[in-house]
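The lines below spell out each chain.
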Amino acid sequence: MLDSTLPLLSQGYAWLPDLTRKQGGGVVRTRLLGKPAVALRGPAAVAFFYDEAHVRRRTALPEPILSTLFGHGAVHTLDGEEHRRRKALFVSLLTDASGIARLAEHVAEEWERARKEWRTGSRLTLFDEVSLVLTRAVCAWTGVPTEPEEDVRLLARDLVAMVDGFATAGPRHWRARRARARQEERLAGLIEEIRRTDPSGGDTARPSTALRAVAAHRDADGHLLDARTAAVEILNVLRPTIAVTWFVVFGAHALHRKPELRAPLAEDRDGYARAFAHEVRRFYPFAPFVAGLAPQDVEWRGQRIAEGTMVLLDLYGQNHDPELWTDPYTFDPERFTGREPGRDELVPQGGGEVSGGHRCPGEDVTLAVLSTLLPRLARLDHRVPGQDLRIPLRRVPTLPRSGFVIEPV
Ligand code: HEM
């Protein structure tokens, strides 16, 4: 069987759906990074994939992804009790409704502040503006210093670089490594400072910020995280919050392509912005798939998956599977008006349970940020000048080539 690493790099998001089509669905077999691999999709496959008896994470993620996107020792790489204990930290920080409402307030405030600086007729790149808005907001929310301004701008650029450079071997990748090393060092320093000024290790019954909660967190063995791992985990709150910038820009793209959606989004009645946000997450390409390793011989629908096989869950493919979605390549928020998607149906951020499994704990944050910014964008008087809005599927992660330039009027 041919190794698919090169086709993956050259075809990007189209690689796995193409392979699935060619092999006629079911369990898709290939090789990746020199290992046998299978790819699955569909709600039943999601439940199979998130069962630890079938798929484990430790050692599944290649070093280049750890040194850019997630960080060494990150929650993404843990299994069993160790994972559940670390994950509980993220779940408590990221799914508390009043905490999320506070983040949404910071986001709205920072958007207003930025908007006041946009001059009529000037051209600005929405991607850059939103990444800065979100960096300021998430710093204020997590307790990371918001001064001096140059540090916040550098952090915004570094967080973007970490997301942008994880799936390539070129200069973007090296930029991402440097960005991660720089920010891990800086944040480890902040964690050490918190612990120095509070000899209990930052322990309080209710830590006041996410930064303090991470500083005070004890793993399954009862020890505080070493400062570098703590920095990795605070970055695992900051970086993916900034990653929502990609979805905001995709939302702007959808509005531009379908101007008739602008009025309902601007009004945001009956949860329309949330339905719109779900459709942005379904329709546009972001995380292509998630991966783990079979810890023993397992069986899926009568087919054997040998121990050590890499198991991929095709997120992008599932979100465009014609068996699950009518006209999957049509952008239509009505799919989600008046209903929430099923647990394992819409999977842009993984599937299964949040607490027990590896499902993204940041879906509420993502939806809150999108529901805050997209109606404001729909209400902003602006023009979209001629530019290259193509979204290359070969590039991971991808974006409209221009970064989406707007002209406030
Ligand atoms: C742009 C929006 C986002 C996308 C596309 C996204 C996507 C994902 C995906 C695909 C996973 C892996 C699921 C798996 O391994 O099975 C994940 C995990 C994770 N995400 Fe997100 N995410 C987003 C936003 C967020 C936000 C806003 C946060 C936090 C503020 C966050 C924090 C995490 C963490 C900590 C994990 C690791 C969970 C674990 O391994 O148990 N994500 N995300």
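Residues numbered from 1 in each chain as written. Predicted model: local features only at pLDDT ≥ 70, side-chain atom pairs only at ≥ 80, totals over all residues. Heavy atoms only, no water.

In the nomenclature of an unreviewed UniProt entry, the protein is known as Fatty-acid peroxygenase of Streptomyces longispororuber. For the protein, the Cofactor (unreviewed entry) comment in UniProt is given as "heme". (UniProt positions renumbered as here; feature names shortened; annotations may be inferred.)

(A) Highlighting the environment of Asp268. Looking at where Asp268 falls in the secondary structure, it is placed in the loop between α12 (262-267) and α13 (272-283). Asp268 gets classed as partly exposed once you look at its relative accessible area, which sits at 30%. Separated by 78 residues in sequence, Asp268 and Leu190 place their C-alpha atoms 40 Å apart. For Asp268, the contacting residues outside a window of four places in its chain are Ala273 and Pro375. A polar contact of 2.9 Å, which involves the side chain of Asp268, links it to the backbone nitrogen of Ala273. (Helix = DSSP H or I, 4+ residues; strand = E, 2+ residues; numbered from the N terminus. Buried < 20%, exposed > 50% of the residue type's maximum accessible area, 1.4 Å probe, protein only. Contact = heavy atoms within 4.5 Å. Polar contact = N/O pair within 3.5 Å; in protein donor to acceptor, adjacent residues only side chain to side chain.)

(B) Up close: the UniProt feature "binding site: heme" (unreviewed entry) in the protein. Within this structure's numbering, the places UniProt gives as "binding site: heme" (unreviewed entry) are Cys360. Structurally, the position occupied by Cys360 is in the loop between α14 (315-319) and α15 (363-379). Not counting residues up to four positions away in its chain, the partners in contact with Cys360 are Gln349 and Val354.

(C) The arrangement of empty space enclosed by the protein in detail. Inspection of the entire model under this criterion finds one cavity of 30 Å³ or more. In this model, the largest cavity occupies a volume close to 50 Å³. What lines the largest cavity is simply Phe247, Arg281, Arg282, Tyr284, Pro285, Phe286, Ala287, Leu315, Tyr316, Asn319 and Pro348. Contributing elements (two or more residues each) for the lining of the largest cavity: α13 and α14. The element that contributes the greatest number of residues to the lining of the largest cavity is α14, accounting for three residues. Residue classes in the lining of the largest cavity are distributed as eight nonpolar, one polar and two charged. (1 Å grid on protein atoms, 1.4 Å probe; cavity = no way out; pocket = protein on both sides within 12 Å on 5 of 7 lines; lining within 4 Å. Points joined across faces, edges and corners; volume = space filled by probe spheres on them. Nonpolar A, V, L, I, M, F, W, Y, C, P; charged D, E, K, R; others polar.)

(D) Looking closely at the sheet that holds strand β4 (residues 290-293). Spatial ordering of the open sheet is given by β1-β2-β7-β4, a layout of four strands whose pairing is mixed. Of all the strands in the sheet, the pair left with one neighbour each is β1 (28-32) and β4. Across the sheet, the mean angle from the axis of one strand to that of its neighbour is 30 degrees, orientation sign disregarded. Inspection of the sheet shows β1 paired to strand β2 (residues 35-40) by five bridges, in the antiparallel sense. Counted as the bridge partner of Val28 is Ala39 from β2. Helix-sheet contacts for helix α2 (residues 15-23) involve β1, β2 and β7 (310-313), and the interaxial angle to β1 is about 135 degrees. (Pairing = 2+ DSSP bridges. Axes fitted to C-alpha atoms, helices over the stretch in contact; angles between N-to-C directions.)

(E) Structural detail: the sheet that holds strand β3 (residues 124-125). Spatially, the three strands line up as an open sheet ordered β3-β9-β8, and their pairing is antiparallel. The outermost strands of the open sheet, each flanked by one partner alone, are β3 and β8 (382-383). Sheet topology note: the β3/strand β9 (residues 405-408) ladder contains two bridges and is antiparallel. Across the sheet, the residue bridging to Thr125 is Val405, located in β9.

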